[in-house]
Amino acid sequence: MGTRRCDNLLSGGACGRRLPNKSTLRYFSEAGIFAVLFLACPPLLQESVMAQSSVAAPKTAQPLTSAQLNDSMKRLQTELLAKYGEAQKPRLSTGLHQVMEFWRPEDGDVGAFESFVRTNYAGDQESLDTMFSRFQRLLEQLDGHMHEISREFATQQDLDFGPIRSYDEIFGGYDPSAHVIDDFFKNKLAFIVLLNFPLTTLEERINEGPKWTRRQWAETRLAERFSKRIPADVNLAIAQAGGDAGNYIARYNVWMYHLVDDKGQRLFPPEMRLLSHWNLRDEIKADYGDAQNGLTKQRMIQQVMERIVSQSIPQVVIDNPQIDWNPFTNEVKPAAAQDSNSPAKPDAKITNAPEPDLRYATLLKTYRASRMADPYSPPAPTLIDRRFNEDREIPEERLKSMLEQVLTSPLVPQVAKLIESRLGRPLEPFDVWYAGFRPGSKYSEAELDAAVAKEYPTPEAYQKDIPNLLVKLGFAPERARYVADHIIVDPARGSGHAMGAEMRSEKSHLRTRVAKTGMNYKGFNIAVHEMGHNVEQTFSLNDVDYTLLQGVPNTAFTEALAFVFQAQDLSLLGLAAPDPKNDALKTLNDFWGTYEIAGVALVDMAVWHWMYDHPEATPTQLRDATVQIAKDTWNRYYAPVFGRKDVVLLAIYSHMIDSFLYLPDYPMGHLIAFQIEEQIKKSGSIGPEFERMAKMGRVTPDLWMENATGKPVSADALLCATAEALKQPGIQ
Ligand SMILES: [Zn+2]
């Protein structure tokens, strides 16, 4: 699982997620889902959180050759099979190969290798059981205490405790576990695991996993921690490329007041500075509410986005309030009106010379850095493999076919038609971001704020009410008390987040924002979401049978479970009545959002394949390929309902540039969330069903979902509910 910390992300707040301060060895499944809506919020990059020490290799007198290792292996096999019996043959052979694969000259000569194997092979069940239990217990301690240090070090940054000093930031940025993987290879604990417990492929986990015992699953997760041994300089290069890409994206602002149309008119207000693509997209969504100028503004933003993708955007207009720009003609002029104090860029010549393919040069750098890790990750030798087979644990082909199922669904033209009738005009390409299916509310924000502030004047008041809230959600009083005892409420500096524990002696933390005047509705909505995380964290750590299986399959699952809570916020305040029309609108909103992001994800996937197929490509070649991939994807899945071809909007997401093949997490997250929500609806009561699901631990997504709902991960739940929603009266 992830960092056991989640900021509330889909609820509309700015994302305050910090880069992972990873305090555990479990660097798999780091693909954070739903990471961002408004701000660049990098996903958790598996490689960058791993060991980063660089210690010169001691020269051994006799470095091992592979011939020597092979001889050695034969000798050891004969000797150990004589000692422990022939039945050990497959296990021993696997273990020896796994050790060999990672053994380097600095780990020792032939003698050292042989003596290591003789000493550490657990050839009988009792020794193996002892070894398993010891590693499980001590790794829980390691993870738990490392996490505890990280949490404490970040306290001043994360909580509302007054000014942040320079040293607080250094404490907050420190990762005590940064060198753990290196250390464990050096002191050979990693090799002991590799000698005794098997690494598995995703295929094996999917095909054979359902027949495994829980202990076998725990052993699999134990071995996986050591499936990579990436050198420090490679990790640094990846972190560097990720950081550079993040900086490129973070500065990519468009000054909206300086967009002018053919008549020189300014459609957007002064000082509006929008970050690509998040803010641009959200402005398109907001403009549906502007009856007068909304459509013109949306068209203009689409034009800006297309110029960013095709890199015909003039370099000089990027993050520059000193230039007026007509994105249709691509004309640039010195700003005729000022809305900023920032001085003109000194030697900026005012021409519309395009940005020189920097977008694609940046993406290429992340690809080239990722590729450096490939040789050190034998079970998953490309970034694509690592993302799908390790982080997501859903084969790429399977995810692709689920996305295509949504994209080619006959429901798409039906929902498209409904949107056209609601808008009263034919669809335009930016309507992939149509935001009009938002359910209405009976209560004003002010009424809700007042109700919440009365109930929760302080964080302590919320803490005290947790058992009561959980009972309202269907937990038995004694389970509610048990969970509440595992949650500590802290005053958040930002909008709020949940930080789980990594060992059973620790509690999970719910960070929530409470103003002097009491909690407001938005804060409550977020707190309920985060509480969902805390409840999942409590069950999936304390009530799972093996701590090595702690967590859920990936971040999509923890988010889905948190949304189940969040959706109940009004009923927890006693203000909700069942409303089938609102439910239908919510479903249609989910469907259209999944349809949009599914295409974006397919573009991201195709672009990474193209880079791996063209390792020597130039930025310009990558630009042309990306534009073509975006057009092809559009023409296939969107042009038929939008009536326009060759649109490149699907390639606008900034994640594509700085997030290492992260975008497929979004549509996968939508499908998973929908499936879980439907199951909980069916069961009638949240509490017991939630607990049953959360105790399954970190197995593959499909196995988890089979256990939870009787079916593997699929698009069916979303599609069925959408078909039903379309029949709901009053949604026109
Ligand atoms: Zn969350």
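This one's a predicted model, so the numbers in the text were calculated from it and none came from an experiment. (Residues numbered from 1 in each chain as written. Predicted model: local features only at pLDDT ≥ 70, side-chain atom pairs only at ≥ 80, totals over all residues. Heavy atoms only, no water.)

Engineer: What is the right way to look at the overall build of the chain in this model?
Structural biologist: Regarding its fold elements, the chain presents 31 helices and eight strands. The C-alpha atoms of the chain give a radius of gyration of 27 Å, which matches the 27 Å a tight globule of 732 residues would have. With the C-alpha coordinates of the chain rotated into their principal frame, the extents come out at 90 × 65 × 55 Å. Pairs at least 24 apart in sequence give 76% of the contacts found in the chain among residues at least 6 apart. Counting only carbon and sulfur atoms, one obtains 53% of the accessible surface of the chain, whose full area is about 28600 Å². One way to put it: in the chain the 80 positive side-chain charges average out to a point 1 Å from where the 95 negative ones average out. (Helix = DSSP H or I, 4+ residues; strand = E, 2+ residues; numbered from the N terminus. Rg over C-alpha atoms; globule rule 2.2 N^0.38 Å. Contact = heavy atoms within 4.5 Å. Areas by Shrake-Rupley, 256 points an atom, 1.4 Å probe, with all protein chains shown as cover. Lys, Arg positive; Asp, Glu negative; His and termini not counted. Charge placed at Lys NZ, Arg CZ, Asp CG, Glu CD.)

Engineer: Is there a simple way to think about the pairing of strand 4 (residues 323-326) in this case?
Structural biologist: If a strand is regular, its side chains alternate between the two faces of the sheet. The side-chain alternation of strand 4 yields two buried faces, one formed by Ile-323 and Trp-325 and the other by Asp-324 and Asn-326. Pairing between strand 4 and strand 5 (residues 331-334): four bridges, direction antiparallel. Opposite Asn-326, over in strand 5, you have Glu-331 as the bridge partner. Connecting the antiparallel pair strand 4 and strand 5 is a turn made up of four residues, with Asn-330 showing a positive phi of about 70°. (Buried < 20%, exposed > 50% of the residue type's maximum accessible area, 1.4 Å probe, protein only. Pairing = 2+ DSSP bridges.)

Engineer: What am I meant to see in the packing of aromatic side chains here?
Structural biologist: One pair of aromatic rings is described through two measures. These are the centre distance and the angle between the planes. Tallied over the full model, the rule gives 34 aromatic pairs. Judged by centre distance (4.8 Å) and plane angle (80°), the rings of Phe-153 and Phe-171 are edge-to-face. Here Phe-171 lies in helix 6 (residues 166-173) and Phe-153 lies in helix 4 (residues 125-153), a separation of 18 residues in the sequence. Residue class for Phe-153 comes out partly exposed when judged on its relative accessible area of 28%. Here the aromatic cluster, defined as three or more aromatic residues joined through ring pairs, consists of Phe-102, Trp-103, Phe-113, Phe-116, Phe-184, Phe-185, Phe-191 and Phe-226. Across from the ring centre of Phe-388, 4.7 Å away, lies the NZ or CZ of Arg-392, which sits over that ring. The cationic tip of Arg-479 hangs over the ring face of Tyr-482; the distance from NZ or CZ to the ring centre is 4.4 Å. (Phe/Tyr/Trp six-rings, centres within 6.5 Å; stacked < 30°, edge-to-face > 60°. Lys NZ or Arg CZ within 6 Å of the ring centre and 35° of its normal.)

Engineer: When you look at helix 22 (residues 555-566) in this model, what are you seeing that I'm missing?
Structural biologist: At 3.6 residues per turn, the α-helix brings residues three or four places apart onto the same side. Under the 1.5 Å per step criterion, the end-to-end length of helix 22 is 16 Å for twelve residues, consistent within 8% with the ideal 16 Å. For helix 22, the buried fraction is high: twelve of the twelve residues fall into the buried class. Its side-chain oxygen placed 3.0 Å from the backbone nitrogen of Ala-556, Asn-554 serves as the N-cap of helix 22. (Expected span 1.5 Å × (residues − 1). Polar contact = N/O pair within 3.5 Å; in protein donor to acceptor, adjacent residues only side chain to side chain.)

Engineer: For this particular structure, what's the right way to read the environment of Gly-523?
Structural biologist: One can find Gly-523 in helix 21 (residues 521-542). Its relative accessible area of 7% is what places Gly-523 among the buried residues.

Engineer: Looking at this model, I keep getting lost on helix 15 (residues 383-392). Mind explaining?
Structural biologist: With eight of ten residues buried, helix 15 is to be regarded as a mostly interior element. Looking at helix 15, one finds that the buried residues are Leu-383, Ile-384, Arg-386, Arg-387, Phe-388, Glu-390, Asp-391 and Arg-392. Residues of helix 15 that are buried sit in contact with helix 9 (202-207), helix 14 (358-373), helix 16 (396-407), helix 24 (580-613), helix 28 (665-683) and helix 30 (701-709). Looking one or two residues beyond helix 15, the residue adopting positive phi is Glu-393, at roughly 55°.

Engineer: Mind showing me how you'd approach the pattern of salt bridges here?
Structural biologist: A side chain with one charge can pair with a side chain of the opposite charge if their charged atoms come near. By the definition in use, this model includes 42 salt bridges. Of the charged contacts, one joins Glu-428 and Arg-644 as a salt bridge, the two residues approaching to 4.0 Å between their closest N and O atoms. Of the two residues, Glu-428 sits in the loop between helix 17 (411-423) and helix 18 (445-455) while Arg-644 sits in the loop between helix 26 (639-642) and helix 27 (655-658), which places them 216 residues apart along the sequence. (Salt bridge = Lys/Arg side-chain N within 4 Å of Asp/Glu carboxyl O.)

Engineer: Quick question: what am I supposed to make of the environment of Asp-646 here?
Structural biologist: Relative to the helices and strands, Asp-646 resides in the loop between helix 26 and helix 27. When the C-alpha positions of Asp-646 and Thr-633 are compared, they lie 9.0 Å apart, and in sequence the two are 13 residues distant. The contacts of Asp-646, once residues within four sequence positions are left out, are Lys-631, Trp-634 and Asn-635.

Engineer: Quick question: what am I supposed to make of the nonpolar core here?
Structural biologist: The nonpolar side chains of a soluble globular protein tend to be buried, and buried together. Within the largest apolar cluster, 204 residues are counted, with the highest numbers of intra-cluster contacts made by Tyr-462, Ile-676 and Trp-704. The dominant element in this core, judged by the number of residues it contributes, is helix 24, at 18 residues. (Core = buried A, V, L, I, M, F, W, Y, C linked by side-chain atoms within 4.5 Å.)

This is a description of form; function is not addressed.
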